[in-house]
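What follows is each chain in one-letter form.
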Amino acid sequence: MIYPDRGAAGRTLGDRLEHLRAADPLVLGLPRGGVPVAVAVWEAIGGDVDVLLVRKLGVPWQPELAMGAIGEDGVRVLNRDVMLHTGVTVEQLSAVEGLERTELERRRRVLRAEPPIPLKDRTVVIVDDGMATGATVAAGCEIARLHEPRRVVVAVPVSSIEALHRIRSVADEVVCPLVPRALGGVGGAYRDFHQLTDEEVVGLLAGTRRGDQ
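Heads up: these notes are all about the structure in this document. (Residues numbered from 1 in each chain as written. Predicted model: local features only at pLDDT ≥ 70, side-chain atom pairs only at ≥ 80, totals over all residues. Heavy atoms only, no water.)

On to helix α6 (residues 161-168). The complete set of buried residues in α6 reads A163, L164 and I167. One side of α6 holds all its buried residues, which, seen down the axis, span an arc of 100°. Along α6, exposed side chains directed more than 90 degrees from the buried face belong to E162, H165 and R168. Looking at the buried positions of α6, the neighbouring elements they touch are α5 (135-145), β7 (151-155) and β8 (173-175). (Buried < 20%, exposed > 50% of the residue type's maximum accessible area, 1.4 Å probe, protein only. Helix = DSSP H or I, 4+ residues; strand = E, 2+ residues; numbered from the N terminus. Arc of directions from axis to C-beta. Contact = heavy atoms within 4.5 Å.)

Next up, the structure:
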């Protein structure tokens with residue numbers, strides 16, 4: 001299976017998520033690549049759509065290994081096992097967090113035209129364009145849990161086997177139509193996998209509030 005683009009991938013996911021329509025879901029895209037997928041899912045199943053602003057805190061010498069994550073409103077989740085195993089110091093953690101929080105704040109200013117939609121007591125659907133390691137989506141799940149949603153569903157068009165196992169341990173439900181035996185990279189599942197700009201993301205989010213559907 002090869003998706004023409006992220007929008008087509010989101011429509012495929014939407015077909016698999018019809019059972020959530022009655023739950024009035026809150027679909028959360030992880031910027032940037034997850035946003036066009038999330039908007040297509042929202043168009044299919046309704047509810048609300050928003051971005052989930054999360055930045056992974058990667059180990060300095062192994063950035064794909066998450067030692068934690070930060071979200072909006074000063075939220076921080078730490079993986080102390082990873083920190084202990086890798087020997088990351090408090091100073092190194094602070095340096096990484098400083099850089100990621102600067103980028104998080106930049107994205108908040110650019111991508112948020114309105115305050116975030118509350119997650120409390122909602123069925124939230126966390127959407128990205130794919131999972132290689134699952135670290136970012138796992139961080140998103142942890143951040144989302146702090147806001148007390150009713151359920152956390154993860155929906156991605158493609159995933160590695162390892163990432164899928166990882167996310168099943170932190171989400172209430174995982175939907176993924178394409179799980180190849182070997183995933184060379186998420187981009188390999190798409191014909192068009194261009195790097196989205198902030199302007200594209202802002203444009204996709206425009207007009208998606210409940211009153212404009």
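Take α5 next. The element α5 is largely enclosed, with a buried count of 8 among its 11 residues. Restricting attention to buried positions, one finds in α5 the residues A135, V137, A138, A139, G140, C141, I143 and A144. Where the residues of α5 are buried, they touch β3 (54-59), β4 (62-71), β5 (76-78), β6 (123-127), β7 and α6.

Moving on, we get to the sheet that holds β7. With parallel pairing, the 5 strands of this open sheet are ordered in space as β2-β1-β6-β7-β8. The open sheet has two free edges, formed respectively by β2 (48-51) and β8, since each of these has just one partner strand. Across this sheet, the average inter-strand angle for adjacent strands is 25°, counted without regard to direction. (Pairing = 2+ DSSP bridges. Axes fitted to C-alpha atoms, helices over the stretch in contact; angles between N-to-C directions.)

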